[in-house]
Amino acid sequence: MIKIALEEQRKYYSQKLLAIGVYNLEIMEQMTLSELKNEYKYFYHNVPEIKRQKKMGDFSI
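Residues numbered from 1 in each chain as written. Predicted model: local features only at pLDDT ≥ 70, side-chain atom pairs only at ≥ 80, totals over all residues. Heavy atoms only, no water.

Undergrad: An account of the packing of aromatic side chains is requested, with residue identities and associated values reported.
TA: One pass over the structure, following the stated rule, counts five aromatic pairs. A centroid spacing of 5.1 Å and a plane angle of 55 degrees characterise the contact between Tyr13 and Tyr40, whose relative ring orientation is tilted. A residue pair is termed long-range when its members are at least 10 positions apart, and Tyr13 in helix 1 (residues 2-19) and Tyr40 in helix 3 (residues 33-45) qualify at 27 residues. Across the pair, exposure class does not vary: Tyr13 and Tyr40 are buried alike. Judged by centre distance (4.9 Å) and plane angle (85 degrees), the rings of Tyr42 and Phe43 are edge-to-face. For Phe43, a relative accessible area of 36% translates into the label partly exposed. By way of ring pairs, the aromatic residues Tyr12, Tyr13, Tyr40 and Tyr44 are connected into one cluster. (Phe/Tyr/Trp six-rings, centres within 6.5 Å; stacked < 30°, edge-to-face > 60°. Helix = DSSP H or I, 4+ residues; strand = E, 2+ residues; numbered from the N terminus. Buried < 20%, exposed > 50% of the residue type's maximum accessible area, 1.4 Å probe, protein only.)

Next comes the structure, spelled out in structure tokens:
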């Protein structure tokens, strides 16, 4: 039962990473489940910080 769950997780993370074209199947087959999960988190959950540009005349400190 645990083996099936691990296989399903691997499949899920692999499909998501393949969908965005980050890695090819050959590379992902060499990655551990933890590596796939970390890469998934990096690409899907890392929200870049967007800094607001200062406008001319904006003198707030």
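Undergrad: Would you mind going over the side chain of Ser14 in detail, with residue names and values included?
TA: Mapped onto the secondary structure, Ser14 falls in helix 1. With relative accessibility at 11%, the residue Ser14 sits in the buried group. The contacts of Ser14, once residues within four sequence positions are left out, are Met28 and Leu36. (Contact = heavy atoms within 4.5 Å.)

Undergrad: Outline the nonpolar core, supporting the account with residue identities and numerical values.
TA: Counting residues in each nonpolar core, the largest one holds seven residues, listed as Tyr13, Leu17, Met28, Met31, Leu33, Leu36 and Tyr40. Contributions of two or more residues to this core are made by helix 1 and helix 3. By residue number, the principal contributor to this core is helix 3, which donates three residues. Sequence-distant contacts of Met31, that is, excluding residues within four places in its chain, are made with Arg10, Tyr23, Leu36 and Glu39. (Core = buried A, V, L, I, M, F, W, Y, C linked by side-chain atoms within 4.5 Å.)

Undergrad: Which residues make up a nonpolar patch on the surface, and what values go with them?
TA: Judged by side-chain polarity, Ile20, Tyr42, Phe43 and Tyr44 come together as a nonpolar surface patch covering roughly 380 Å² of accessible area. By secondary structure assignment, the location of Phe43 is in helix 3. (Patch = residues over 30% accessible without salt bridge, like charges linked within 9 Å, V, L, I, M, F, W, Y side chains within 5 Å. Areas by Shrake-Rupley, 256 points an atom, 1.4 Å probe, with all protein chains shown as cover. Salt bridge = Lys/Arg side-chain N within 4 Å of Asp/Glu carboxyl O.)

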